[in-house]
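Analysis of the macromolecular model
The residues making up each chain are set out below.
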Amino acid sequence: SQQGEEDPQALSIQEGENATMNCSYKTSINNLQWYRQNSGRGLVHLILIRSNEREKHSGRLRVTLDTSKKSSSLLITASRAADTASYFCATDAKGAQKLVFGQGTRLTINP
Amino acid sequence: DARVTQTPRHKVTEMGQEVTMRCQPILGHNTVFWYRQTMMQGLELLAYFRNRAPLDDSGMPKDRFSAEMPDATLATLKIQPSEPRDSAVYFCASGLWDYSPLHFGNGTRLTVT
């Protein structure tokens, strides 16, 4: 499958620090999306970056995409306790018309 | 705020019983996805629909799982007979168009004993 893989699997930082999560995938994509999941809840869409874009910002979130390396990163700046959650990247292979998720990064923000 | 609604939120059943999970997608969304989440496998795509037509159900065990959209406001996922290995959280998600951001329900936590 062309499932994305997040790295690291778990990340624990202090409140106020920046958190960086990475995602690698296997085949050409139309776009890449990042989602957040709080414990016991469904996933919530954060940001979508198209294959012809290299960087995108949304509030404290910054996403980069390197299609030559088939990788993306999600940066959360000035982290807050409320950012504690699991973060997933999701990709759709060209021609596949379906969204496939990685295993996720579990982020813990310590107060 | 429009949201995807899933019922039931929790289901405990015995092995061999039929389980039906329901999903009400957001009105106007034309794609519906079913995912299963476990600690070991993560999020697995089971099936997805566009305009109520099934496009891909290759992720589902065909002998026991079935997914349908009887109308635009209801998607169902059935397991018959259920097995302990089916224990997981099942998510429904809907979207406006292919590749668009998905809106997830809060899932059905299924426990098969």
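Scope of this entry: the structure provided in the associated data block. Predicted model only: the values in this text are computed from it and were never measured.

Counting 22 residues, the largest nonpolar core has Met-21, Trp-34, Met-60, Ala-67, Leu-77, Ile-79 and Tyr-90 of chain B as its most contacted members. Elements supplying a minimum of two residues to this core: strand 3 (19-24), strand 4 (31-38), strand 5 (42-50), strand 7 (65-71), strand 8 (74-79), strand 9 (88-95) and strand 11 (108-112) of chain B.

Interfaces are often sized by the amount of accessible area the parts lose when they come together. Tallying the contact residues gives 23 residues for chain B and 22 residues for chain A. Taking both partners together, chain B and chain A bury about 1800 Å²; carbon and sulfur atoms supply 49% of that area. Interface area lost by chain B to chain A is led by Leu-43, Tyr-99 and Phe-104 of chain B, which between them contribute 35%. At the junction of chain B with chain A, the criterion picks out one salt bridge. Measuring nitrogen to oxygen at the nearest pair gives 2.8 Å for the salt bridge that ties Asp-56 of chain B to Lys-98 of chain A. Joining chain B to chain A, the criterion identifies eight residue pairs in polar contact (both at pLDDT 80 or more). In terms of residues, the side of chain B that touches chain A owes the most to one element, strand 5 of chain B, which gives five residues. For the side of chain B that touches chain A, the class distribution of residues is 12 nonpolar, seven polar and four charged.

About the criteria used
Residues numbered from 1 in each chain as written. Chains lettered and ligands numbered in written order. Predicted model: local features only at pLDDT ≥ 70, side-chain atom pairs only at ≥ 80, totals over all residues. Heavy atoms only, no water. Core = buried A, V, L, I, M, F, W, Y, C linked by side-chain atoms within 4.5 Å. Buried < 20%, exposed > 50% of the residue type's maximum accessible area, 1.4 Å probe, protein only. Helix = DSSP H or I, 4+ residues; strand = E, 2+ residues; numbered from the N terminus. Contact = heavy atoms within 4.5 Å. Buried area = accessible area lost by both parts, 1.4 Å probe. Salt bridge = Lys/Arg side-chain N within 4 Å of Asp/Glu carboxyl O. Polar contact = N/O pair within 3.5 Å; in protein donor to acceptor, adjacent residues only side chain to side chain. Nonpolar A, V, L, I, M, F, W, Y, C, P; charged D, E, K, R; others polar.

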